[in-house]
Structures are given as structure tokens and as C-alpha cells.
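# Observations on the three-dimensional arrangement
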Amino acid sequence: MANVQTQFDTFHSDKKTGIRLGRFKKEKQLRDKRNVIRRRLKANLPGVFAKYGEPNLVPKFKDQGSYKMNTGIKPLAGGSGYDIDQGVYFETPKDGEGAYSPLTLKKRVEEALNGLTDTIRIRRPCVTVFYKENGVEEAYHVDLAIYSARGSNSDGKDYLAVGRVGDSLSEQEWKVSDPAGLQHELFRRFEDDTHGRQQFRRIMRFMKRWKDVNFSSAGNGAPRGIGLTLNAHYGFTPTYSDWLNRTRDDLGALRKLVDDMLSRFSHQYREKRQEWGRCLIAKLPVEPVSDVYENMTLVQMTSFETKLKDLKAALDAAHEESDPHEACKGLQKVFGSDFPVPAKSDTARKAAAGAASSGLSG
Amino acid sequence: MNEPEQQDLVFYRSGGGRVKVPAAVLSVMQSYAQHDPVATEAGGVMMGRYIASSNDVVIDVVTEPMPGDRRTRYSFYRDKRRHQAAMDAAWEASGHTCTYLGEWHTHPEERPTPSEIDIKGWNRRLCQDQFDEELFFLIIGTHEPRMWAAKSATTTWEPLKIKK
Ligand SMILES: [Mg+2]
Ligand SMILES: [Zn+2]
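As a convention, each chain's residues are numbered from 1 in the sequence order in which they are written. Following the order in which they are written, the chains are lettered starting with A and the ligands numbered starting with 1. Only residues with pLDDT of at least 70 are given local features in this predicted model, and only at 80 or more are side-chain atom pairs given and counted; all residues enter the totals for whole chains, interfaces and linings. To get the side-chain values, all heavy atoms of the structure are used, and hydrogens and water are removed first.

## Quick word on the coordination of the zinc ion (ligand 2)
The zinc ion (ligand 2) binds to the protein through G362 of chain A (O), H105 of chain B (NE2), H107 of chain B (NE2), D118 of chain B (OD) and D118 of chain B (OD); the donor distances cover 1.9 to 2.6 Å. Within this pair, whereas G362 of chain A is found in the segment after β12 (359-361), its partner H105 of chain B is found in strand β7 (residues 99-106), the two belonging to separate chains. An identical accessibility class is assigned to G362 of chain A and H105 of chain B; each is buried. The rule for donors is simple: an N, O or S atom within 2.8 Å of the metal counts, and for Na, K and Ca the reach is 3.2 Å. Water is not among the atoms, so a site may look short of donors. Runs of H or I in DSSP of at least four residues are treated as helices and runs of E of at least two as strands, each being numbered from the N terminus. Only protein chains enter the accessibility calculation, which uses a 1.4 Å probe. A residue is then buried if its area is under 20% of the maximum for its type, exposed if over 50%, and partly exposed in between.

Written out as C-alpha cells, the structure is:
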């Protein structure tokens, strides 16, 4: 087995060529914008609600998503850009007297942020504030997930406002959602296992970068990042080349995960799309216990499986290869140009040239 | 006639680890295989890397017959001067990692075995040549290549198994 852990470590780093988002530069910039948005909402929402003759609702904020879980990666150039996810919770019931429609509450938020940047859009799962940087229109963004908080609902659950302008009332919904519960489920097995938790995060970052490199960002042909995270939740096993010393073996961990994912592809009924077909399911371990891949078509599923098989072939070849230079060239094909390929001279120990005498062979 | 696409050749070492002969390097040697009934023997030296923190060896460079060498149907004499110059150049170009690993030559037989002259020559090299840890000898037969290895200060030649 070629030892390519050094290259995986470099690939994972938050240095220039690594994929990890730097906590102190990029993430600080996102945190700063998030704080501006929080202040702006607190300042402007009372006026907006008053304008519509509605009782004032004071938002509560919670971080969520890959920023909260510390699994963020740098976006590829030309991709959807950096982002941070922010939960915004309102004490208002999802149904019954005085309930907001999901879209109306999102419009109040949009209005309170009006003028903050050139582009604020209501998307189905969130309200998104886009930021320009170095002439790039939508260089990074803050996604605001708007909730009807559990304290206002008789079942004690948080509901996410889903729907955008143009959606009919039936397409809008208050969808039960529990990001904090999900994070707890994902990380609870690592409570006493720092090495395992760190490897889990690295593997998730590698899978997300693999996705960004191998699926065009247009449309929803790509498996969602949260789906890959769930696949890792079910298929990841901490893997070490030396268990006692916890010597990382990220290549081994990736091989196990991808093998597990491929083994779970099967012919099954897909409830949301009401069709039978070969697919992989990524079921949320918390409410609403749905399949986060439910919107992918069977054609997209086939392409997902094919690309996973290519990934498996590259991982297996790297495992078989004795020359780290060649192994990393193969890994670069699936993980993209940020995966480092060591020069041949950096893969070997130094040695004398040697001297060969003349001689006869028969 | 098109040769089938060459694949890497990987030999297992008994103490763990492998010796890889990349396809491109193998095809240089295979081009001298004595398929033709009048083809003469050919050979050269093998150089490559000891991969760090592993027991793996990769053959990166082989020299080919050069002026000064003598080739007959059943023997090959390699004159050291030009081959040594090629070795020194490869070593410099590799940041001092590409080192002398042994020798290759062809045999006009399907599944080659070392001749008495071969064994004598190999044993002499183990005493006289300057090398790192061990020497490898590859014989290109007309059906298959075979490799043997020995550590310095021994004369025990271990046949290496090909990884299928
Ligand atoms: Mg987001
Ligand atoms: Zn011979």
C-alpha cells in the first residue's frame, strides 16, 4: 500500500491548497456578516411587523449546517461560493389562529433586511443574503432558515418555513426540522473518541469535495452534502494503519465508506416520487425521518452510482499502487487538482548512486 | 503487429513489500525479448527508488545495450563505462533517490532460469558492486519475466513471486 496519508493531510488542511475552510479568515468574514444580519433583524423587524399590524416577534438565532458541524469546505471557483447557515426562530405557531404562511414570514424577514446587499432572495428552504467580493456577484452568502419555534407548537417541535414566491399555498409548508438533534445524532458516537471524530470530519470534507469536482453545479444532479454526511453516518468506520498509535489511514476509511455506500444501492420503492428504481437512500435519523435524496431522479441516481464506482476504482488502485507518486495522480483524478501529487524524489529515501561493474550474463 | 497494452509488473518480496516494474519501463526491456530465432541477448542496469516508510521498491530507469557491450545469441557482456554514466545522470536528476538496484538481461527461453554464468556474475556483484541494501536481477524470457533478489553479504537468491 502506498502511504498517501501525508497527501490527504495536505489536501485537508486550511492552508492555501487545502480544502478546509479557515476558521480565522473566511469563517470570520462569514461570522461578521451573520452578526450584522442578526443586528439588522433585531433593529428592523419591529417596524416591519408594525407596518402590517402584526404583533412583534423577537427572533432567536442558532448556527446550523456545516459551519456549526465544522465540516465546511472551500467552494470551487465558479461554484456556489462560501456560505454559513443561520437558524432564525420565531415564537409563532405553524397553524391555528394567527399563524403565518411560511412564505409570508419569510417575506417579513426579507423586508427587514431590505437594502443590506444588492441581492437577497427567498429560496425554498431559506432566505439568502448574497455578498459581492472582488467583482464576483455572489461570492459568498448567508442562508437564513426561518422557523416556527417549538414553544409555540402544541407538539413541541420546530418547523422550517419552506416555499418561495410563485409557490402555490399547497407547495408551501411548515416542515418539521431538527438540525440540532441531527448534529447530536451524528456526533454522539464520538463523544469519547477524538481521533474518530476528526477522521469523520475529514472524510465528510473529502466526500463533499469529490462531489463538487465530479458533478456539475447546475441543477440538482449532485447528491446533497447532507446526504453524503448521512451516508458517512451509516457507513464510516474509524480506520488506522496502526490502531494503538491511532495512525490515520484516511484512504482506508474512504475505501470502507465507499464500499458501504455501493453495497446499499438496491432496487426499492421511492415514496416521494412514487416509483421503483435502483437507488441509495440517506434517511434522516431525526424528524422528519425522510430520505434526503428523495428528489433525485433515477437517471441522477445512476450517475451517482457510476461516479461512486469510479471513486472506488481510484481508491482501490491507490491502495494497490506501490509508488505514492502514481497513487496520488490517480487520486487527483477523482478529488480534483487540489489533491497534491508528490514529486518522485519526495517519495523515496536518499541513497548513493551505486556502482555497477562490467560483467557477463549467459 | 500490435503488442497488447503493457501493464505494470509487481513482484512480492518475502519479507513484505513489493518491487514494481512500471509498464513503460517493462516495455523497454520487453522490446529486446528474443522472440526471433536469431535475436541476440540484451541487457542493462536497473535503477529506482526505495519508497520512504515502506518496503516497496520502484524500478524507474533501465539502461539498454550500448556501444562497448557485446551481444550473442546466448550471452551478453555489459561494459560498465557508459552504463555508469547513465546511472550517475539518473541519480543526479532524481534528487539522489534513484539508486542502483541490479541488472536485467534476456534469455531465448520461455520461462527463464539463471545460467551458471548468471549466478556466478550475480554473486560477484554482491561482493564487488556498490549498492544500497540488496540487488535484483530480472531475466526477460520469451513468455514471462522472472526476478531474483539477494541481500548484501549473502549468496542466497530468492525468486520473487509475480503478483497476479
Ligand atoms: Mg447553505
Ligand atoms: Zn542469463
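## Some points on the packing of aromatic side chains
The relative placement of two aromatic rings is captured by the distance of their centres and the angle of their planes. Pairing of aromatic rings covers Phe, Tyr and Trp, the last counted by its six-membered ring, and requires centre-to-centre distances within 6.5 Å; plane angles under 30 degrees mean stacked, over 60 mean edge-to-face, and any other angle means tilted. Going through the model one piece at a time under the given rule, you end up with 28 aromatic pairs over all chains. Taking the centre distance of 5.1 Å and the plane angle of 5 degrees together, the rings of Y131 of chain A and Y140 of chain A count as stacked. For the pair Y131 of chain A and Y140 of chain A, one class covers both residues: buried. Seen in terms of ring centroids, W122 of chain B and W148 of chain B are 5.8 Å apart; in terms of plane orientation they differ by 45 degrees. Their pairing is tilted. Of this pair, W122 of chain B sits in helix α3 (residues 116-128) while W148 of chain B is found in strand β9 (residues 145-151), placing the two residues 26 residues apart along the sequence. W148 of chain B shares its class with W122 of chain B; the two are buried.

## Some details on the coordination of the magnesium ion (ligand 1)
All names here are of chain A. Around the magnesium ion (ligand 1), the protein contributes the donor atoms D83 (OD), D85 (OD) and D143 (OD), which lie 2.0 to 2.4 Å from the metal centre. Counting the intervening residues between successive donors of the magnesium ion (ligand 1) yields the motif D-x1-D-x57-D. Taken as a pair, D83 in strand β2 (residues 82-90) and D143 in strand β5 (residues 136-148) lie far apart in primary sequence, 60 residues in all. Relative accessible area serves as the criterion here: at 23%, D83 is assigned to the partly exposed category. The buried category is assigned to D143, whose relative accessible area is 9%.

## Side note on the interface of chain A and chain B
In what follows, a contact means two residues having at least one pair of non-hydrogen atoms within 4.5 Å. Tallying the contact residues gives 29 residues for chain A and 45 residues for chain B. Around 3000 Å² of area is buried between chain A and chain B when both sides are counted, 43% of it from carbon and sulfur atoms. Salt bridge, as used here, is a side-chain nitrogen of Lys or Arg placed within 4 Å of a carboxyl oxygen of Asp or Glu. Joining chain A to chain B, the criterion identifies 5 salt bridges. We define a polar contact as two N or O atoms separated by no more than 3.5 Å, with the added condition that, inside protein, one atom must be a possible hydrogen donor and the other a possible acceptor, whereas residues neighbouring each other in sequence contribute only through side-chain atom pairs. Counting the contacts that link chain A with chain B gives 28 residue pairs in polar contact (both at pLDDT 80 or more). Broken down by secondary-structure element, the contributors of at least two residues to the side of chain A that touches chain B are α9 (298-320), α10 (324-335) and β12 of chain A. When residues are sorted by character, Ala, Val, Leu, Ile, Met, Phe, Trp, Tyr, Cys and Pro go into the nonpolar class, Asp, Glu, Lys and Arg into the charged class, and all the rest, Gly among them, into the polar class. Tallied by class, residues from the side of chain A that touches chain B come to 10 nonpolar, 12 polar and 7 charged. For two strands to pair, DSSP has to find at least two bridges joining them. As defined by bridge partners, β12 of chain A adjoins strand β6 (residues 76-78) of chain B across 3 bridges and the pair is classed as antiparallel. Residue S361 of chain A lies in a different strand from β6 of chain B, and its bridge partner there is F76 of chain B. Computed with a 1.4 Å rolling probe, the buried area is the accessible surface lost when two parts are put together, summed over both parts.

## Overview of the pairing of β9 of chain B
Residues and elements named next belong to chain B. In terms of residue burial, β9 counts as a mostly covered element, since 5 of its 7 residues are buried. The turn linking strand β8 (residues 134-140) back onto β9 is made up of 4 residues. In sequence, β9 turns back onto strand β10 (residues 158-159) through a hairpin of 6 residues, with A153 there showing a positive phi of about 65 degrees.

## Some thoughts on the UniProt feature "domain: Cyclic GMP-AMP synthase DncV-like nucleotidyltransferase" (unreviewed entry) in chain A
According to UniProt, the feature "domain: Cyclic GMP-AMP synthase DncV-like nucleotidyltransferase" (unreviewed entry) maps to residues 59-147 of chain A in the numbering used here. Structurally, residues 59-147 of chain A is divided into 18% helix and 44% strand, and its ends, taken at the C-alpha atoms, are 9 Å apart. UniProt positions are given in the numbering used here, feature names are shortened, and annotations may be inferred rather than shown by experiment.

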